[in-house]
Amino acid sequence: MGRGRVELKRIENKINRQVTFSKRRNGLLKKAYELSVLCDAEVALIVFSSRGKLYEFSSAGMTQTLERYQRSSFSPHDNTTKRETECWYEEVSKLKAKYDSLLRTQRHLLGEDLGPLSVKELQNLEKQLEGALTQARQRKTQIMIEQMEQLRKKERQLGDLNLQLRDKLQREGENLKAIQDFWSSNSAAAGNSNFLHSSQASHIDPAPEPILQIGYHHYVAAESADVPKSMAMAAETNFIQGWVL
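Predicted, not measured: the structure shown is a model, and the values here were computed from it.

A.B. asks: Give a description of the side chain of Ser-36 that names residues and reports values.
C.D. replies: In this fold, Ser-36 is placed in helix 1 (residues 14-39). With relative accessibility at 10%, the residue Ser-36 sits in the buried group. Only 2.7 Å separates the side chain of Ser-36 from the backbone oxygen of Tyr-33, close enough to count as a polar contact. Leave out the neighbours within four places in its chain, and Ser-36 touches Ala-41, Val-43, Phe-57 and Ser-59.

A.B. asks: Describe the pairing of strand 1 (residues 44-48), naming the residues involved and giving the relevant values.
C.D. replies: Where a strand is regular, its side chains alternate between the two sheet faces. Judged by which residues are buried, strand 1 turns out to be one-sided: Leu-45 and Val-47 face inward and are buried, whereas Ala-44, Ile-46 and Phe-48, on the alternate face, are not. Two elements, strand 1 and strand 2 (residues 54-58), share 5 bridges in a ladder whose sense is antiparallel. Residue Ile-46 lies in a different strand from strand 2, and its bridge partner there is Glu-56. The antiparallel hairpin formed by strand 1 and strand 2 contains 5 residues in its connecting segment, where Gly-52 sits at a positive phi of about 90°.

A.B. asks: Can you lay out the pattern of salt bridges for me, pointing to particular residues and giving the numbers?
C.D. replies: Side-chain pairs of opposite charge can arise where the charged atoms are in close proximity. Tallied over the entire structure, the rule returns 4 salt bridges. Glu-12 is the salt-bridge partner of Arg-10, the closest N and O atoms lying 3.3 Å from each other. Per residue, the accessibility class of Arg-10 equals that of Glu-12, and both read exposed. With its nearest N and O atoms 3.6 Å apart, the salt bridge here joins Asp-100 to Lys-96.

A.B. asks: Residue-level account of the nonpolar core, with values.
C.D. replies: Within the largest apolar cluster, 6 residues are counted, these being Ala-32, Val-43, Leu-45, Val-47, Tyr-55 and Phe-57. Of all the elements in the fold, those that place two or more residues in this core are strand 1 and strand 2. Apart from residues lying up to four places away in sequence, Leu-45 is in contact with Leu-28, Leu-29, Ala-32, Tyr-55, Glu-56, Phe-57 and Met-62.

A.B. asks: Explain the packing of aromatic side chains to me, and be specific about the residues and the numbers.
C.D. replies: Geometry of an aromatic ring pair is reported as the spacing of the ring centres plus the angle between the planes. For the structure shown, the criterion picks out 3 aromatic pairs. Consider the rings of Tyr-33 and Phe-57, whose centres lie 6.3 Å apart with planes at 80°: the pair is edge-to-face. Note that Tyr-33 is positioned in helix 1 and Phe-57 in strand 2, a separation of 24 residues in sequence. Centroid distance Phe-182 to Trp-183: 6.3 Å. Interplanar angle 75°. Geometry classified as edge-to-face. Residue classification places Trp-183 among the exposed residues on the basis of a relative accessible area of 55%.

A.B. asks: Mind laying out helix 1, listing which residues take part and the relevant values?
C.D. replies: Here helix 1 contains 26 residues, and its C-alpha end-to-end distance of 37 Å stays within 8% of the 38 Å for a straight helix at 1.5 Å per residue. For helix 1, every residue scored as buried is listed here: Arg-25, Ala-32 and Ser-36. Next to the buried residues of helix 1 lie strand 1 and strand 2. Its side-chain oxygen at 3.1 Å from the backbone nitrogen of Ile-15, Asn-13 defines the N-terminal cap of helix 1. Of the residues one or two after helix 1, Asp-40 is the one with positive phi, at around 50°.

The rules we used
- Residues numbered from 1 in each chain as written.
- Predicted model: local features only at pLDDT ≥ 70, side-chain atom pairs only at ≥ 80, totals over all residues.
- Heavy atoms only, no water.
- Helix = DSSP H or I, 4+ residues; strand = E, 2+ residues; numbered from the N terminus.
- Buried < 20%, exposed > 50% of the residue type's maximum accessible area, 1.4 Å probe, protein only.
- Polar contact = N/O pair within 3.5 Å; in protein donor to acceptor, adjacent residues only side chain to side chain.
- Contact = heavy atoms within 4.5 Å.
- Pairing = 2+ DSSP bridges.
- Salt bridge = Lys/Arg side-chain N within 4 Å of Asp/Glu carboxyl O.
- Core = buried A, V, L, I, M, F, W, Y, C linked by side-chain atoms within 4.5 Å.
- Phe/Tyr/Trp six-rings, centres within 6.5 Å; stacked < 30°, edge-to-face > 60°.
- Expected span 1.5 Å × (residues − 1).

Given below as structure tokens:
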């Protein structure tokens, strides 16, 4: 006669519940092992008892199976975000490593922290310094040559400007001299004209003005010397007497 159907409910008897848990747990772990072996499946089993005791089984490692479970259970958006985060984390790690390497190289080039370096590393560092020094000298020489060319060009420009200013000044001087000569010639011509007018005026005798004679006639001696002086005196005497009267 077969066994009857067992009703699935919580076993109230504590001892019976513990015995049933042990039997069923062992059977479950066995079934999980068989499933992983027979079907080549990745199986992970986690069981906690009522007292909090852990029982687990994993065919490929619990951590690996859980990570795979997390990757599979997330949504595509979450997976994309996680992948981007991982990519950024890797990029940051690479950049940090590169930054540290550059800092070490800079300290080495400055002559710091040379103790841990080997002979070969020191030789490489020496070659780098020699190459950098050569490039720096070449660049300095090139800059000096360019500056000299610029100064020569500026000197030529200033020379041309100086010649232009000299020519302009010379032309202005010639114009000023011509103006001065013109004014000098005009002044000399004006002086000669005034001198001629004054000379002519001094040589011309003024016209005789009429003499007003009232009451007497001034006696003028005749050209002949035969007129006696007594007659002249008598004439003057008579004239005066008549005027007195």
